[in-house]
Protein chains: 2
Amino acid sequence: MTGSMNGIVVVIGTLAALCTITSFVPQIWKILKERDASSVSLRMYALTVSAFTLWTIYGVMLKAWPLVLANSVSLLLAGTALACKWRFRNGEPDA
Amino acid sequence: MTGSMNGIVVVIGTLAALCTITSFVPQIWKILKERDASSVSLRMYALTVSAFTLWTIYGVMLKAWPLVLANSVSLLLAGTALACKWRFRNGEPDA
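Remember, it's a predicted structure, so these values are computed and weren't measured experimentally.

Of the regular secondary structure elements, chain A holds four helices and zero strands. Compactness check: chain A gives a C-alpha radius of gyration of 16 Å against a globular reference of 12 Å for 95 residues, more than 25% above the reference. Across the 95 residues that make up chain A, the buried fraction comes to 43%. Sequence separation of at least 24 residues holds for 72% of the intrachain contacts in chain A that already meet a minimum separation of 6.

In this section: the nonpolar core. Formed by 38 residues in total, the largest nonpolar core has its most connected members in Phe24(A), Tyr45(A), Phe24(B) and Tyr45(B). Residue assignment for this core shows that the elements contributing at least two residues are helix 2 (24-34), helix 3 (42-61) and helix 4 (65-87) of chain A together with helix 1 (3-22), helix 2 (24-34), helix 3 (42-61) and helix 4 (65-87) of chain B. The leading source of residues in this core is helix 3 of chain A, at eight residues. The contacts of Tyr45(A), once residues within four sequence positions are left out, are Phe24(A), Gln27(A), Val40(A), Ala78(A), Ala81(A), Leu82(A) and Met44(B). Core analysis: the next-biggest nonpolar cluster, separate from the first, contains seven residues, Val9(A), Cys19(A), Ala51(B) and Met61(B) among them.

Turning chain B through 180° and shifting it by 0.0 Å along the axis lays it on chain A, with an RMSD of 0.0 Å. Interpreted geometrically, this transformation is the action of a two-fold axis. Looking at the interface residues of chain B, 100% of them are also at the interface in chain A, so both copies use one shared face.

Applying the stated rule across the entire model yields six aromatic pairs over all chains. Taking 6.3 Å as the distance between ring centres and 65° as the angle between the ring planes, the aromatic pair formed by Phe24(B) and Tyr45(B) counts as edge-to-face. With Phe24(B) in helix 2 and Tyr45(B) in helix 3, this residue pair connects regions lying 21 residues apart in the sequence. Each member of the pair, Phe24(B) together with Tyr45(B), is buried. On the basis of an interplanar angle of 80° and a centroid distance of 5.5 Å, the ring pair of Trp55(B) and Tyr58(B) is categorised as edge-to-face. Of this pair, Trp55(B) and Tyr58(B) both sit in helix 3, three residues apart, which is roughly one turn of the helix. Through pairs of rings, three or more aromatic residues link up here, namely Phe24(A), Tyr45(A) and Phe52(A). Geometry around Trp86(A) places Arg89(A) over its ring, the cationic atom sitting 4.1 Å from the centre.

Conventions used here
Residues numbered from 1 in each chain as written. Chains lettered and ligands numbered in written order. Predicted model: local features only at pLDDT ≥ 70, side-chain atom pairs only at ≥ 80, totals over all residues. Heavy atoms only, no water. Helix = DSSP H or I, 4+ residues; strand = E, 2+ residues; numbered from the N terminus. Rg over C-alpha atoms; globule rule 2.2 N^0.38 Å. Buried < 20%, exposed > 50% of the residue type's maximum accessible area, 1.4 Å probe, protein only. Contact = heavy atoms within 4.5 Å. Core = buried A, V, L, I, M, F, W, Y, C linked by side-chain atoms within 4.5 Å. Least-squares fit on C-alpha atoms with pLDDT ≥ 70 in both. Phe/Tyr/Trp six-rings, centres within 6.5 Å; stacked < 30°, edge-to-face > 60°. Lys NZ or Arg CZ within 6 Å of the ring centre and 35° of its normal.

Have a look at this one:
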């Protein structure tokens, strides 16, 4: 692989990681704003949180620190989305 | 890394990939069953689909075929969830 090709790969990988990490922010924001998560799947977030936990462990075992960083931040955000889903699972808890 | 350690890494990576891939299935199922995706974030799925597209391109450029396989299947399922969100974005389209 040439040097410039390698640079493109790094840019695409970085963009991919940023999209993965930031993807949970609009969902968290939407739940908090509308105080409703009734149509969000709890099972989906249980699996997503498990996935990022396993990817983080995988990264630690391989000493692949960019993988650890991207997946631990994603884990934090997906965990926040899961907590929001749980709190507003049937809409506004005070309603 | 010893041989048995390497085996554990492969098992954890495989479990992580399976959790990522299968995570979208309960969300798709829930939307189709309830015919409602009002609290699911469209922006989240737009970012998720972008992320898997970029990860697939990244895998192709690195000729990392397990990465390509896992991310292209995830792309297909996240794309299906995005389409379900779009169709039922305000609840039942016929209502």
